[in-house]
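# Coordinate analysis (summary)
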Amino acid sequence: MTIANRQRTEDVAAGIRRRVFVHTMRNNGGYLSQACSAAESLAFLYNEALVLGEPTLPKTPLPFAGVPSSKNPDAFTGAGYHGAFAPEYDRFIVSPAHYALVIYSALIQVGRMDENALDHFNRDGGSVEMIGAEHSPGMEVTTGSLAQGLSMASGIAWARKRRGEPGKVWVYMSDGEFQEGQTWECLAAMSYHGIDNIRVVVDVNGQQCDGAMSSVLDLGDLPARIASFGATCRSIDGHDLQAFRAAANSSEARRPLVILANTSPYEGMPFLKKRFPRLHYVRFKSAEEREEMQTAIGAELRVDPAEIARA
């Protein structure tokens, strides 16, 4: 059984941003810009698009149980928060592992994890890691090296297609992963094999750890390049939920579907524009800077300062 959609998707997106912001303030740093750019896309996926079963892992995250092996029956993957692997359910592969905090916030917001699950974030011996691994909530595979997630997802999708399983495979990516050759090889392979049961959502926020994408390795006309590899490519406003709905329903036979969600790294938190383009990870250099940001963004997101003070 799937979890019923009990919230407006707009409210899920707002909740994701607020949770990441509060956590960042409490911990003197965090991936704030990823919450700004990814909130609508993840809200759409978890609240509308993904067909998932009830979680198979407890709502309070378990400690790390060791790597999967034939000799470790206690090992688990974070995909348990997406429900059982069953033919009728979708699979969701998160490729940019540094989006972990945003994924955890989304899981909490839609009721798949406990309200206090972030209390376990980045703790020794825990599974709620800063950079997600295969045991982290919402993660099925380890993708700390960018561009690997799409290849693994395409293999799953190809196997599911051959078995005739109705469930789709969804992949979440960052635009920086298109700077990697493995991504293009995978697109070519999916097109050649007619893997059309895969849906790829890309957060095109124009940012990476070294600054703006255009200053490191510009991708040029990305929609045209993707289409030239045989995929169906839809380039949309990544903060427009109606655009997401239309794009998600526009797949074509024997072609993978790639949705380029063009986003802003300070959407919902315009104060962050002051730091542009250095927004990959936000850390505070002084108590004054922290206070200024807390006051400004707290007002933008309507977060009560007392909520931040509660550790």
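Below or above, wherever it landed, is the structure these notes cover.

Conventions used here
- Numbers given to residues run from 1 along each chain, matching the order in which its sequence is written.
- For a predicted model such as this one, the threshold for reporting local features is a pLDDT of at least 70, and the threshold for listing and counting side-chain atom pairs is 80 or more; totals across whole chains, interfaces and linings nevertheless cover every residue.
- Excluding hydrogens and water, the side-chain figures rest on all heavy atoms present in the structure.
- Stacked, tilted and edge-to-face are the three classes assigned to paired rings of Phe, Tyr and Trp, where Trp is represented by its six-membered ring and a pair needs centres within 6.5 Å; plane angles under 30 degrees give stacked, over 60 edge-to-face, the rest tilted.
- Here a strand is any run of E in DSSP of at least two residues, a helix any run of H or I of at least four, and the numbering for each starts at the N terminus.
- Here, a charge over a ring means that NZ of Lys or CZ of Arg falls within 6 Å of the ring centre while also lying within 35 degrees of the ring normal.
- Three exposure classes are used, based on accessible area relative to the maximum for each residue type with a 1.4 Å probe and protein chains only: buried under 20%, partly exposed in between, and exposed over 50%.
- DSSP calls a pair of strands paired once it identifies at least 2 bridges connecting them.
- Convention used here: a crossover is right-handed provided that the path from the first strand, over the helix, to the second strand proceeds clockwise when the strands point away from the viewer.
- Helix axes are fitted only over the stretch in contact, all axes being lines through C-alpha atoms; the angle between N-to-C directions runs from 0 to 180 degrees.
- Here, two residues are considered to be in contact whenever any of their heavy atoms come within 4.5 Å of each other.

### With respect to the packing of aromatic side chains
Applying the stated criterion across every chain yields a total of eight aromatic pairs. Relative to phenylalanine 121, the ring of tyrosine 104 lies with its centre 6.2 Å away and its plane at 70 degrees, an arrangement referred to as edge-to-face. Taken together, the positions of tyrosine 104 in helix α3 (residues 100-109) and phenylalanine 121 in the loop between α3 and α4 (148-163) put the pair 17 residues apart, joining distant regions of the chain. Through successive ring pairs, a cluster of aromatic residues spans Phe178, Trp184 and Phe229. The ring of phenylalanine 85 carries arginine 91 above its face, with NZ or CZ at 3.8 Å from the centroid.

### A word on the pairing of strand β3 (residues 169-174)
Burial analysis of β3 places six of its six residues in the buried class, which makes it a mostly covered element. Burial along β3 is two-sided: Val169, Val171 and Met173 facing one way and Trp170, Tyr172 and Ser174 facing the other are all buried. Sheet topology places strand β2 (residues 91-94) next to β3; four bridges connect them, and they run parallel. For arginine 91, the partnering residue across the bridge sits in β3 and is valine 169. By the bridge criterion, six bridges tie β3 to strand β4 (residues 198-204) in an arrangement that is parallel. Bridge pairing in β4 places tryptophan 170 opposite arginine 199. Following the chain from β3 across helix α5 (residues 181-193) to the adjacent parallel β4, one finds a crossover that is right-handed.

### Observations regarding the sheet that holds β2
Where strands meet in a sheet, backbone hydrogen bonds hold them as pairs that are either parallel or antiparallel. An order of β2-β3-β4-β8-β7 is seen for the five strands of this open sheet, with the pairing classed as parallel. In this open sheet, the two edge strands, each paired with only one partner strand, are β2 and β7 (232-237). Adjacent strand axes in the sheet meet at a mean angle of 20 degrees when their direction is disregarded. Along the sheet face, helix α2 (residues 32-49) touches β2, β3 and β4 and points at about 175 degrees away from the line of β3. Here α4 sits on the sheet in contact with β2, β3 and β4, set at roughly 170 degrees to β3.

### Remarks on unusual backbone geometry
Residue proline 277 follows phenylalanine 276 across a cis peptide bond; omega there is 5 degrees. Within the secondary structure, proline 277 is located in the loop between β8 (257-262) and β9 (282-283). Unusually for a residue other than glycine, alanine 147 sits at a positive phi of about 90 degrees. Within the fold, alanine 147 resides in the loop between α3 and α4. Positive phi, normally seen in glycine, also occurs at arginine 302, with a value near 60 degrees. Within the secondary structure, arginine 302 is located in the loop between α9 (287-301) and α10 (305-309). Looking at arginine 302, the relative accessible area reads 78%, which means it is exposed.

Such coordinate-based values are descriptive only and should not be taken to indicate function.
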